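Close look at the chain arrangement
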Amino acid sequence: MNVSDLNVLGQVSPQVAERAQNPRNYGPLEDWDGHARLTGDCGDTMEFWLKVTNQQVVHVGFTTTGCGSSRAAGSMATELVINKSPDEAGFLEPADILKALGGLPRDSEHCAAMASSTLRAAIGDYFARTRAQGRNRSESGDCGTCSSAECPSKQRQHNESEEQFRERQALARKMCQIGYKLLVMSGKGGVGKSTVAANLAASLALAGKSVGLLDVDIHGPSIPKLMGLERERLVAHGQEIVPIEIGNLKVMSIGLLLPSATDAVIWRGPMKYTAIRQFLKDVNWGALDYLVIDAPPGTGDEPLSVAQLVGQPAGAVLVTTPQDLAVADVRRSVSFCEKVGLPVVGIIENMSGLACPHCGGRIELFKTGGGKSLAREMGVPFLGSVPIDPEIVQCGDRGTPYAHQFAESPAAKALAVIVDRIVAASPRKGSCPEPLPPLAERSWF
Ligand code: ADP
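Reading the values: rules and limits
- Residues numbered from 1 in each chain as written.
- Predicted model: local features only at pLDDT ≥ 70, side-chain atom pairs only at ≥ 80, totals over all residues.
- Heavy atoms only, no water.
- Helix = DSSP H or I, 4+ residues; strand = E, 2+ residues; numbered from the N terminus.
- Buried < 20%, exposed > 50% of the residue type's maximum accessible area, 1.4 Å probe, protein only.
- Contact = heavy atoms within 4.5 Å.
- Areas by Shrake-Rupley, 256 points an atom, 1.4 Å probe, with all protein chains shown as cover.
- Salt bridge = Lys/Arg side-chain N within 4 Å of Asp/Glu carboxyl O.
- Near = heavy atom within 4 Å.
- Polar contact = N/O pair within 3.5 Å; in protein donor to acceptor, adjacent residues only side chain to side chain.
- Nonpolar A, V, L, I, M, F, W, Y, C, P; charged D, E, K, R; others polar.
- Core = buried A, V, L, I, M, F, W, Y, C linked by side-chain atoms within 4.5 Å.
- Axes fitted to C-alpha atoms, helices over the stretch in contact; angles between N-to-C directions.
- Parallel < 35°, antiparallel > 145°, perpendicular 65-115°, else oblique.
- Expected span 1.5 Å × (residues − 1).

The number of helices and strands found in the protein chain is 16 helices and 14 strands. Residues counted as buried form 53% of the 445 residues belonging to the protein chain. A separation threshold of at least 6 residues defines the contact pool for the protein chain, and within that pool the share at least 24 residues apart is 71%. About 19,600 Å² of surface is accessible on the protein chain, with carbon and sulfur atoms providing 52% of the total.

Take a look at the structure:
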C-alpha cells in the first residue's frame, strides 16, 4: 500500500498525498553549491543539492530511493528552506517538516529525520566549500577574513540588513584576533570531555600562551565547577562581557550567567545559535593564541553553531573512552567534522587503563586501544591516552586543574604530551586549514 492509497483511507494529510505523487523540486541541480547523499538505517538513500546566491538558498533539488512518505518529506524540506539563509536552513528540524506536512504515518516519521539530516549535511557541504574557497583566496594573498578590501566580511550581502552586516563584521573582527580555535567534542557524555577541555586550556595557559576557555554546553555547563569559578559572576563593560580571568586564561560559560548552578536552560536550536554567537562576539576575548571550546556531547546545534561561526583556523579534538560503544560514537563526530568542514586535530582516549594504587600494575578497566585503532581506521591523528586517576575526580570536584597540581603523575604526563602535539600541529594565526576531502558517501545515522 502506498501513500496515495493511505490517503484514500483518510490516513495521511492532503499535503503528504499531493507531494508523495508529485514531489516538488524533485531531481538534481546542474549548478549547485552544496550537496549530500545519505543512507538511513531503513536502507533508503536521499540526496540534496542546493544553490546559494547572496547568502540565500535560491534553489534546492532532491531525490530519494524511498517511498511516498520519503518523497513528501524531501519535497517539504526543499520548500521550507527556499529563500532562507544557509544558517537558518541549517536549523530545519524533523518536527518542522512533520508539522508542515500535517504529520506522517508513525512508521514513516523517520523520513522527516532523513530529509532534515540530508539537507543539513548539504548545508554543511556548502559551508565547507565556502571555506575551501577562502583558503584558495588566502593562497593568493587574501586571508578571506580581514586583510583585504575584497574580504566577504567587508562587503554587505544582498539580503543582509545594515545591522546584520555590522554583527557579522564584529564577529569576524573578534575571531580574527584569536589564533587556533579548538572545539573539544565527544560522542557521549561522561567520557571526560570537559575535564580534557579544562586541563588543555590550563596547560596551554601555563605554557605561556594566552588562552580562552568557552563552555557552550548550554544544558550542562561544567567548566565553572571544574575551574573553581562557581561563585563568580560575569560583569559587562560597555557593550562587552568581561570573561573571568585566571592569569592569562579567560573563561566564559553560560553557567556564569545563571542565578544558580541548579537552574536549567531550555532553549531550541536558533536560540542556542544566537547565544553562541554572542559568546563569541560580545565577550572581550582580546588577542588569544588559543580558544578552547567545550561543546556538549554529540553532534547537535552547539557544535554545529561553533563550526559555522568561529572562522579559521579551527579544529576538533575528539575525546573518547576505549569501549566499543564510546568509540562508535566518535565515528559520528568524525563524520560530522567532515560534513561541516572542521578539520580533526586528533582523538584522545581518556580513562585508558588504571594504575593499581597498591602494586602499580596496570588494570584495563574499560579495555584500551579503541581510540588509537579508530584514529588509524578513520585516517585522523591519535593524540594520546590518558589513564584513570582518582585524583582527577578530586581535582574536578575541588575546582583545581589536575594537570598542574599533579604534574608528575602518569595522567598529567600523558596530558602534557597531548598539549605538545596540539601546539606542534597549530596553524599560524590567520592561516587556513587543508582543503576538505571530497564529500564521502556515508550514513549520517
Ligand atoms: P564529560 O564532559 O565528557 O561529560 P567530565 O569531564 O565531566 O565528562 O568527566 C566525567 C567524570 O569523570 C568527572 O567526575 C571527571 O572528574 C571524571 N574523569 C574524567 N577523566 C578522568 C580520568 N582520566 N580519570 C579519572 N576520572 C576522570
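According to the stated counting rule, one finds 18 salt bridges in the structure shown. In this structure, the salt-bridge partner of glutamate 79 is arginine 19, at a minimum N-O distance of 2.8 Å. Pair noted here: glutamate 79 is in helix α3 (residues 68-81) and arginine 19 is in helix α2 (residues 14-21), with a separation of 60 residues, a long-range link. Linking lysine 281 and glutamate 167 is a salt bridge whose minimum nitrogen-to-oxygen distance equals 3.3 Å. One end of the pair, lysine 281, is in helix α10 (residues 269-281); the other, glutamate 167, is in helix α7 (residues 162-176), and 114 residues separate them in sequence. Residue classification places lysine 281 among the buried positions, given a relative accessible area of 10%.

Take the site of the ligand next. Gly190, Lys193, Ser194, Thr195 and Asn350 are the nearest of the 14 residues found near the ligand. A distance of 3.0 Å separates an oxygen atom of the ligand from a polar atom in the backbone of glycine 192. Threonine 195 places a side-chain nitrogen or oxygen 2.6 Å from an oxygen atom of the ligand. Notes on the ligand: free accessible area 560 Å², of which the protein chains cover 80%. Every element with two or more residues in the shell around the ligand is listed here: α8 (193-206), β12 (344-355), β14 (382-388) and α14 (390-398). Looking at the shell around the ligand, the element that brings in the most residues is α8, giving three residues. Of the residues in the shell around the ligand, the class split is six nonpolar, six polar and two charged.

In this section: the environment of proline 357. Positionally, proline 357 belongs in the loop between β12 and β13 (362-363). Residue classification places proline 357 among the exposed residues on the basis of a relative accessible area of 71%. When the C-alpha atoms of proline 357 and proline 390 are compared, they prove to be 9.7 Å apart, with 33 residues separating the residues in sequence.

Before going further, it helps to examine the nonpolar core. With 84 residues, the main nonpolar core has Leu213, Leu214, Leu280, Val292 and Leu318 as its most contacted residues. Apart from the residues within four sequence positions on either side, leucine 213 is in contact with Ala197, Ala198, Ala201, Ile223, Met227, Leu249, Lys250, Val251, Met252, Trp285, Leu291 and Val292. Counting 33 residues, the second largest nonpolar core, distinct from the first, contains Met46, Ala77, Ile97 and Met114.

The interhelical angle for the contact between α8 and helix α16 (residues 410-425), taken along N-to-C directions, is 70 degrees, at an axis separation of 10 Å. Comparing the axis directions of α8 and α16 gives the class roughly perpendicular. Contact residues: α8 offers Asn199, Leu200, Ser203 and Leu204, while α16 offers Leu415, Val419, Ile422 and Val423. Split by residue class, the contact of α8 with α16 holds six nonpolar, two polar and no charged.

On to α3. Here α3 contains 14 residues, and its C-alpha end-to-end distance of 20 Å stays within 8% of the 20 Å for a straight helix at 1.5 Å per residue. Those residues of α3 that sit buried are Gly68, Ser69, Ser70, Ala72, Ala73, Gly74, Ser75, Met76, Ala77, Thr78 and Val81. Downstream of α3 by one or two residues, asparagine 83 has phi in the positive range, about 75 degrees.

What follows covers unusual backbone geometry. The residue asparagine 54 is not glycine, and still its phi comes out positive at about 50 degrees. Its location among the elements puts asparagine 54 in the loop between β2 (45-53) and β3 (56-64). Residues other than glycine seldom take positive phi values, yet asparagine 83 does so here, at roughly 75 degrees. Here asparagine 83 shows up in the loop between α3 and α4 (86-89). Here asparagine 83 falls in the exposed class, since its relative accessible area comes to 52%.

Our focus in this paragraph is the packing of α2 against α3. Closest axis-to-axis distance for the α2/α3 pair is 7 Å, and the angle between their directions is 100 degrees. With respect to α3, the element α2 is oriented roughly perpendicular. Facing Val16, Arg19 and Ala20 of α2, the residues of α3 in contact are Gly68, Arg71, Ala72, Ser75, Met76 and Glu79. Class assignment of the residues belonging to the contact of α2 with α3 gives a composition of four nonpolar, two polar and three charged.

Everything listed here is a matter of geometry and, on its own, says nothing about what the molecule does.
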